[in-house]
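Descriptive analysis of the structure
The lines below spell out each chain.
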Amino acid sequence: MTSTLRDDSEISRRRFIVGSAAAGGGLALGLDMPLGGAQAQNAGSEVGIWVVIRPNNTCAIRIARSEMGQGTLTGLAQLVAEELECDWRRVTTEGLSPGQNLARKRAWGNMSTGGSQGIRQSQDYVRRGGAAARMMLLQAAANEWNVPVGELTVANGIIRHAATRRQTTYGRVAPAAAKLTPPDPKSIKLKDPKDWKIAGKPAKRLDTWAKLNGSKVYSIDLRLPGMLNAAIKDAPVYGSKISSVDDSKTAKMPGVRKVVRVKDTAIAVVADTWWQAKNALDALTVTWDEGENAKVSSASIARHVETGLMATETNGDRRNGDALAAIAGAKKKVEATYSTPFLSHACMEVNNATVRITADRAECWAPTQNLEATLAALASESGLPLAQCEVHRHDLGGGFGRRGGTQDYVRKAVVVAKEFPGVPVKTIWSREEDQAHDYFRPISMCKFAAGLDENNNPGRAARPRVGPVDQRLAQSGGDGGRSRHAPAARVLGGARQCPARLLGAESPDRVRDAQHPRSGRALAWRQHKSERLLPGMLHRGGGARRRQGLAGVPPRLDGQVPEASCRPQCRSREGRLG
Amino acid sequence: MARLNINGRNRDVQVADDTPLLWVIREQIGLTGTKYGCGVAQCGACSVHINGEVVRSCSMRVGDVRPTDRIVTIEGLSRNTSHPIQRAWAALDVPQCGYCQSGQIMAAAALLRKKPRPTDQDIDEAMTNICRCGTYQRIRAAVHMAAGNRNGGSVGRGNRKS
């Protein structure tokens, strides 16, 4: 199979690391080989679906998830290598494309990478993939030697048969192993994690080297023959439409090829270079029909959120006991209000996508946390069937959730590229455009109230033992905030109440998931607020000095933030605590 | 039209004088290790050396660069990624997404040239580049390592061994 691999530098990296960090003398020589991209990659044998082994014993481990600095690429490789029993020093990685995944009936599973789920969701099946490859390699050796496979041992990619003192390597048996039928994944017994030597252990990242010398090619760095560049400006007010465009100045500017309306909500200029495109875009005069959202202001959003906070109705949240009554009857009352603003994800690599569309094929190069979502966006926007589309993988210059489910930037880049059939067009958002037209984390405000007993403990005033806490939340949606006038159109659900359960974790999600286009973002503010309330309560109350050991405090929160680190915040907030 | 000396080579480029040096390096010269981050000299992703001084190339007009000025980009910092800063960056696995790291490395290399034994304060003052992943602790530790500072500064968890 062909691979969209960009790991040629891996071996160079190894040579460099070995040479510079003195990690073992002879290794550098063994790996000193020029890799010629696809040619060298194809020289390997695919053993199962996750592992490709080359004659020189290099193990290329396939990666389906996106790498954006979080280290998933290395972590997944460790998991496969652990079961594979290969030589970790000879591991490289191969990125899979969504077109390959589609062609193989999603053999590599979900490619989406977000919410810290990349390892969690795939750790089981990638380990099974590594184990399957190991079993096939051992079987191939057993077949060759005509001995029972149970008599073989393997370590670091070297297979031994003690009785006959024979040994061979993965590289030698891989071609035969590749022809065997992989074992049923369910039948595979995985190692006990306590026996792990590679997985779960600190390891050097496999992808550092190219980040040190400028050789790593992010999507924004892509250069293709005949490529044009586009700069783009989104509607300054969310939901507004282009009313008129005066491109009389722009058309004559150097390098300019075309002014493109992107679905009446954005305007792009295509030029030979991006700097020319950006200058021309700045020279355009665009009139926008701003619509209702033009009336929305920071003050009106703040009013909305504050009003929501005061509302008394709940949204069907969990209700254990009567927190409000218990708090009203408590000896002392602690109250705190927290807020978070709209936040841009602000990836260092601004949004960009390169798209080339011909009559029967669409290709895209983009920083994406979900290659399959990008493929789907490419297909639907280009009008071509999925099977005629492909997305080329690039590691991201940051993701943070911006580039997973929301493929708006890819769709817009497709619209621009459609104007130039057969020509690759790279659309890059300027920093100011990227920042202003994010799918923002929502603005929110949250009020907690808790009752304390005569000993300043929060736990005794009412049932259940911990609590009572009244938590109310109001927020304004992130999607609506994509402009200088964040609109109220997407404003969310008013007051939130989570009585009688300290740090109740499940309730705030419900409304958000039902209505909010940016699910996932709520996690941050919820934890932030919950984490800040508890130390605040404790310091205020004084009786319970340590959160640890408080009955009913969820263990995962217990001690997560060192108490000492909370103190300055608590003091600064003192005035707001009732 | 401008003549630039980049990484020891003279390059003639056809480009308007007010084009930022960053975009000339990326688009006309084709060296993409120097990154676009903000365009207004705030983030430092575009840092290069001009005559040994670190410069944020997004905010320098190419017309203001003299043909005799020696421009060095990340690609020309060393042969085989062997600059002490690069080696320390590798040893401590400094980068996460890596996008800002060309600029970080160029800034750190310029710092070491001026102050071979920088203190924490020197590093904090010189290294104003933004890293969205937050690798600042490892950056500081790696600068100390490259400088040969023992016990220099506060070393974060990045100082792990594998």
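The structure under discussion appears in the preceding block.
Cut-offs applied
- Residues numbered from 1 in each chain as written.
- Chains lettered and ligands numbered in written order.
- Predicted model: local features only at pLDDT ≥ 70, side-chain atom pairs only at ≥ 80, totals over all residues.
- Heavy atoms only, no water.
- Buried < 20%, exposed > 50% of the residue type's maximum accessible area, 1.4 Å probe, protein only.
- Helix = DSSP H or I, 4+ residues; strand = E, 2+ residues; numbered from the N terminus.
- Pairing = 2+ DSSP bridges.
- Core = buried A, V, L, I, M, F, W, Y, C linked by side-chain atoms within 4.5 Å.
- Contact = heavy atoms within 4.5 Å.
- Buried area = accessible area lost by both parts, 1.4 Å probe.
- Salt bridge = Lys/Arg side-chain N within 4 Å of Asp/Glu carboxyl O.
- Polar contact = N/O pair within 3.5 Å; in protein donor to acceptor, adjacent residues only side chain to side chain.
- Expected span 1.5 Å × (residues − 1).
- Axes fitted to C-alpha atoms, helices over the stretch in contact; angles between N-to-C directions.

Focus: the pairing of strand β12 (residues 285-289) of chain A
Residue and element names in this part refer to chain A.
- Residue alternation in β12 divides its side chains into a buried set, V286 and W288, and an unburied set, T285, T287 and D289.
- Judged from the five bridges that link them, strand β9 (residues 241-246) and β12 form a sheet pairing that is antiparallel. Across the sheet, residue V245 finds its bridge partner in β12, namely V286.

Overview of the nonpolar core
- In terms of nonpolar packing, the biggest core is built from 75 residues, with A:L137, A:I159 and A:Y170 touching the most fellow members.
- It is helix α6 (residues 118-145) of chain A that contributes the most residues to this core, nine residues altogether.
- If near-sequence neighbours (up to four positions away) are discounted, A:L137 is found in contact with A:V47, A:I53, A:L84, A:I159, A:Y170, A:V173, A:A174 and A:A177.
- Counting residues in each nonpolar core, the second largest holds 32 residues, with A:V256, A:A280, B:C43 and B:C46 among its members.

Things to note about the interface of chain B and chain A
- Counting residues at the interface gives 41 residues for chain B and 37 residues for chain A.
- Where chain B abuts chain A, roughly 3,400 Å² becomes buried across the two surfaces, and 56% of that area is made up of carbon and sulfur atoms.
- When the buried area of chain B at its contact with chain A is split by residue, B:E27, B:Y99 and B:R132 rank highest and sum to 20% of it.
- Where chain B packs against chain A, one counts two salt bridges.
- With its nearest N and O atoms 2.9 Å apart, the salt bridge here joins A:D221 to B:R26.
- Counting the contacts that link chain B with chain A gives 23 residue pairs in polar contact (both at pLDDT 80 or more).
- When residues of the side of chain B that touches chain A are traced back to their parent elements, those giving at least two are α1 (21-29), α2 (84-91) and α3 (101-114) of chain B.
- In terms of residue count, the dominant contributor to the side of chain B that touches chain A is α2(B) (five residues).

Let's talk about helix α4 (residues 72-84) of chain A
All names here are of chain A.
- Counted at 1.5 Å a residue, the expected span for α4 with its 13 residues is 18 Å, and the 18 Å between its end C-alpha atoms agrees.
- Burial analysis of α4 places 13 of its 13 residues in the buried class, which makes it a mostly covered element.
- E85 sits one or two residues past α4 and shows a positive phi near 60°.

A look at α2(B)
- Every buried residue of α2(B) is listed here: B:I85, B:Q86, B:A88, B:W89 and B:A90.
- Two residues or fewer past α2(B), B:D93 is found with a positive phi of approximately 50°.

As for the sheet that holds strand β14 (residues 352-357) of chain A
Residue and element names in this part refer to chain A.
- Read across the sheet, seven strands follow the order β10-β11-β8-β17-β14-β15-β16 without closing on themselves; strand pairing throughout is mixed. Unpaired on one side and paired on the other, β10 (256-262) and β16 (389-394) mark the two borders of the sheet. Taking the axes of each pair of neighbouring strands and ignoring which way they run, one obtains an average angle of 20° across the sheet.
- Pairing between β14 and strand β17 (residues 425-428): four bridges, direction antiparallel. Bridge pairing in β17 places A353 opposite T427.
- Here helix α8 (residues 274-283) sits on the sheet and contacts β8 (228-234), β10, β11 (266-271) and β17; the angle it forms with β8, its principal contact strand, is near 35°.

Some details on the sheet that holds strand β5 (residues 152-155) of chain A
All names here are of chain A.
- Pairing is antiparallel in the open sheet, where three strands are placed in the order β5-β6-β7. In this open sheet, the two strands that pair with only one neighbour each are β5 and β7 (166-169). Pairs of neighbouring strands in the sheet enclose a mean axial angle of 25°, with direction left out of account.
- Sheet analysis places β5 next to strand β6 (residues 158-161), joined by four bridges and oriented antiparallel. Among the inter-strand pairings, L152 is bridged to a residue of β6, identified as H161.

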